[in-house]
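So you can see what is in the structure, the chains are spelled out below.
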Amino acid sequence: MANSPQSKKRARQNERRLAVNKARRSRIRTFLRKVEEAIASGDKDAATSALRAAQPELMRGVTKGVFHKNTAARKMSRLSARVKALG
């Protein structure tokens, strides 16, 4: 349990950051899911446009500290390879 004023403040800040980061992570996952659904449907145009929309969101997650840079790069690389492989 937080006892000192500083640790109490830190606990409050951590709760706020957790809520913000959870919302960011959820938003990014939604964009990635749209790309996955477009790939699954086999629609290359929809998958390409969904990927273009997902890229800045994923990179924004990196700058905000939600994802590691290499994690985002790996996700983008794998998704773009799958979109490229569509007929």
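Residues numbered from 1 in each chain as written. Predicted model: local features only at pLDDT ≥ 70, side-chain atom pairs only at ≥ 80, totals over all residues. Heavy atoms only, no water.

An unreviewed UniProt entry annotates the chain as Small ribosomal subunit protein bS20 of Roseovarius faecimaris. The chain has a UniProt comment under Function (unreviewed entry) that states "Binds directly to 16S ribosomal RNA." In the Sequence similarities (unreviewed entry) part of its UniProt record, the chain is described as follows: "Belongs to the bacterial ribosomal protein bS20 family." (UniProt positions renumbered as here; feature names shortened; annotations may be inferred.)

Chemist: What's the story with helix α3 (residues 69–85) in this structure? I'm lost.
Modeler: An α-helical turn contains 3.6 residues, so any two residues separated by three or four positions project in the same direction. For α3, built from 17 residues, the straight-helix expectation of 24 Å at 1.5 Å per residue is met to within 8% by its first-to-last C-alpha distance of 24 Å. Within α3, the full set of buried residues consists of A72, M76, L79 and V83. All buried residues of α3 fall inside an arc of 75° around its axis, so they share one side. Residues of α3 that are exposed and point over 90 degrees away from its buried face: N70, R78, K84 and A85. (Helix = DSSP H or I, 4+ residues; strand = E, 2+ residues; numbered from the N terminus. Expected span 1.5 Å × (residues − 1). Buried < 20%, exposed > 50% of the residue type's maximum accessible area, 1.4 Å probe, protein only. Arc of directions from axis to C-beta.)

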